[in-house]
Amino acid sequence: MDATMSGTGAGPKGALVAPIGSAKAVGRTADAIFVGLLWGCGIFVLILLGLIIAMLFEGGLPAFHAFGLDFLWTATWNPVTENFGALVMIYGTLFSAVIAVVIALPLSFGIAFFLSEIAPPGLRRPIGVAIQLLAAVPSIIYGMWGFFIISPLMAAYVQPPLIELLGPIPVLGALFQGPALGGGMLTAGLIMAVMILPFITAMFVETLESVPPMLKESAYGIGATTYEVYKNVSIPYGRTAMVGAIMLGLGRALGETMAVTFVIGNATRLSASLFAPGATIASTIANEFPEAAQGSLKLDSLLALGFILFVISFIVLALSRFLVRSNLKS
């Protein structure tokens, strides 16, 4: 009787132990598979990035062999004589992107301050949604809007008075000289400023809303105004994230293609004027890549331009990480 009872008792106990042990084994196996998949995803990104870099470098290597480092600071781009240089496009890429950030930055600060501190709750959400919708507009739509609406307005109402008032000023006047064509660097920068505005503003708003209320209430308690709280409490608290947002907007502007192609003028010549037509790396590739024959020096030069744009973007990313770390240490 005792043996029977012990036998029947051992059966259920063994039946319970076996599933628990097998469940743990299955869990360990699934966990190992999951970790392996995560490693695979991370390695895939590195491999993909490496392949892109290798493709651009290998494709542009004949251009670097043909022109050497002079390719970087030669301003000539002549497909007829097969004499190519990247200086005009590098200058246009950096100049237009800086203009975009300079225009977008104060607007983003103002909108973020209004949404986080001033706007009533009933108005805050519609404006926030409208800003987010700007990010969903395709770049080609911005380009068409800039070509058909902004460029004529710039040629009729903005550029002529600026040329007349600021053009004669020594040194500074070089930025405001030339014919009022409507397009050019300033127009391209303005269009890109509208495009990067949602990205910078959204991060600014999230940063300002993350400021602990106790810090702001303490500042108000000692008599600080709303502007003083914004300047001395909110911005210093979130400056690290704000620097990251600015660099994100700059990186977005550096690689913009279609919107810039519509309004920048696509002229491969250097000019200090904000109203002069120019070209960027992305717009030049978009315009001339379909006409570049396979194996031609022009195609090699376009691939070299793509590699240079990648290097510029990498430098901007490295600079942003350096600035963020500097802000964290301080």
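Remember, it's a predicted structure, so these values are computed and weren't measured experimentally.

Our focus in this paragraph is the overall build of the protein chain. The secondary structure content of the protein chain amounts to 11 helices and two strands. The secondary structure elements of the protein chain, listed N-terminal to C-terminal, are α-α-β-β-α-α-α-α-α-α-α-α-α. Scaling as 2.2 N^0.38, a compact globule of 330 residues should have a C-alpha radius of gyration of about 20 Å, whereas the protein chain reaches 29 Å, well beyond that. If one aligns the C-alpha atoms of the protein chain with their principal axes, the spans along those axes are about 115 × 70 × 40 Å. The buried share of the protein chain, reckoned over its 330 residues, is 36%. Expressed as a percentage of contacts within the protein chain between residues at least 6 apart in sequence, the contacts between residues at least 24 apart total 74%. When the accessible area of the protein chain is evaluated, it comes to approximately 18200 Å², of which 73% is carbon and sulfur surface. Of the side-chain charges in the protein chain, 14 are positive and 15 negative, and the distance between the mean point of each set is 12 Å.

Turning to helix α8 (residues 226-254), a few remarks are in order. Between the first and last C-alpha of α8 there are merely 35 Å, a value that for 29 residues lags more than 12% behind the 42 Å anticipated at 1.5 Å per step. The largest bend in α8 amounts to roughly 70 degrees and is located at R239.

Moving on: the packing of aromatic side chains. Enumeration according to the criterion identifies 13 aromatic pairs in this entry. The interplanar angle of 65 degrees and the centroid separation of 4.7 Å between the aromatic rings of W77 and F84 together place this pair among those described as edge-to-face. A relative accessible area of 1% means that F84 is categorised as buried. Ring centres of Y91 and F95 lie 5.3 Å apart, and the angle between their planes is 35 degrees; this geometry places the pair in the tilted category. Of this pair, Y91 and F95 both sit in helix α3 (residues 87-118), four residues apart, roughly one helical turn. Here a set of aromatic residues connected by ring pairs shows up, and it is made of F57, F64, F67, F71, W77, F84 and F307.

We note that V171 has phi near 65 degrees; this positive angle belongs to a residue other than glycine. Its place among the elements puts V171 in the loop between α5 (139-166) and α6 (185-209).

The next subject is the nonpolar core. Formed by 65 residues in total, the largest nonpolar core has its most connected members in F71, I281, L305 and I308. Mapped onto this core, the elements with two or more residues apiece are α1 (2-67), α3, α5, α6, α8, α9 (258-263) and α11 (297-329). I308 has contacts with F64, F71, L72, A86, I90 and I281, leaving out every residue within four places of it along the chain. Within the second largest apolar cluster, five residues are counted, among which are V211, A219, V229 and V233.

To continue, consider the packing of α6 against α8. When two helices pack together, their arrangement is given by the angle between the helix axes and by the axis-to-axis distance. Where α6 meets α8, the closest approach of the two axes is 8 Å, and the angle between their N-to-C directions is 145 degrees. For the crossing formed where α6 meets α8, the hand is right-handed. Two secondary-structure elements touch here, α6 through M192, M195, I196, F199, I200, M203, F204, T207 and L208 and α8 through Y230, S234, G238, A241, M242, A245, I246, L248, G249, R252 and A253.

On to the confidence of the model for the protein chain, then. A residue-level look at the protein chain finds 92% of positions with pLDDT of 70 or above and a mean pLDDT of 88. Between residues 1-11, whose pLDDT stays under 50, and residues either more than four places distant or in other chains, the model counts zero contacts.

With that settled, the discussion passes to a nonpolar patch on the surface. Taken together, the side chains of I140, I141, M144, W145, F147, F148, I149, L153, Y157, V158 and M258 present a nonpolar region at the surface, about 1000 Å² in accessible area. Sort the elements by how many residues they give to the nonpolar patch and α5 lands first, with 10 residues. Relative to the helices and strands, M144 is located in helix α5. With relative accessibility at 36%, the residue M144 sits in the partly exposed group.

Rules and cut-offs
- Residues numbered from 1 in each chain as written.
- Predicted model: local features only at pLDDT ≥ 70, side-chain atom pairs only at ≥ 80, totals over all residues.
- Heavy atoms only, no water.
- Helix = DSSP H or I, 4+ residues; strand = E, 2+ residues; numbered from the N terminus.
- Rg over C-alpha atoms; globule rule 2.2 N^0.38 Å.
- Buried < 20%, exposed > 50% of the residue type's maximum accessible area, 1.4 Å probe, protein only.
- Contact = heavy atoms within 4.5 Å.
- Areas by Shrake-Rupley, 256 points an atom, 1.4 Å probe, with all protein chains shown as cover.
- Lys, Arg positive; Asp, Glu negative; His and termini not counted.
- Charge placed at Lys NZ, Arg CZ, Asp CG, Glu CD.
- Expected span 1.5 Å × (residues − 1).
- Bend = angle between axes of the 7 residues up to and from the residue.
- Phe/Tyr/Trp six-rings, centres within 6.5 Å; stacked < 30°, edge-to-face > 60°.
- Core = buried A, V, L, I, M, F, W, Y, C linked by side-chain atoms within 4.5 Å.
- Axes fitted to C-alpha atoms, helices over the stretch in contact; angles between N-to-C directions.
- Left-handed = near helix turned anticlockwise from the far one by under 90°.
- pLDDT = per-residue confidence, 0-100.
- Patch = residues over 30% accessible without salt bridge, like charges linked within 9 Å, V, L, I, M, F, W, Y side chains within 5 Å.
- Salt bridge = Lys/Arg side-chain N within 4 Å of Asp/Glu carboxyl O.

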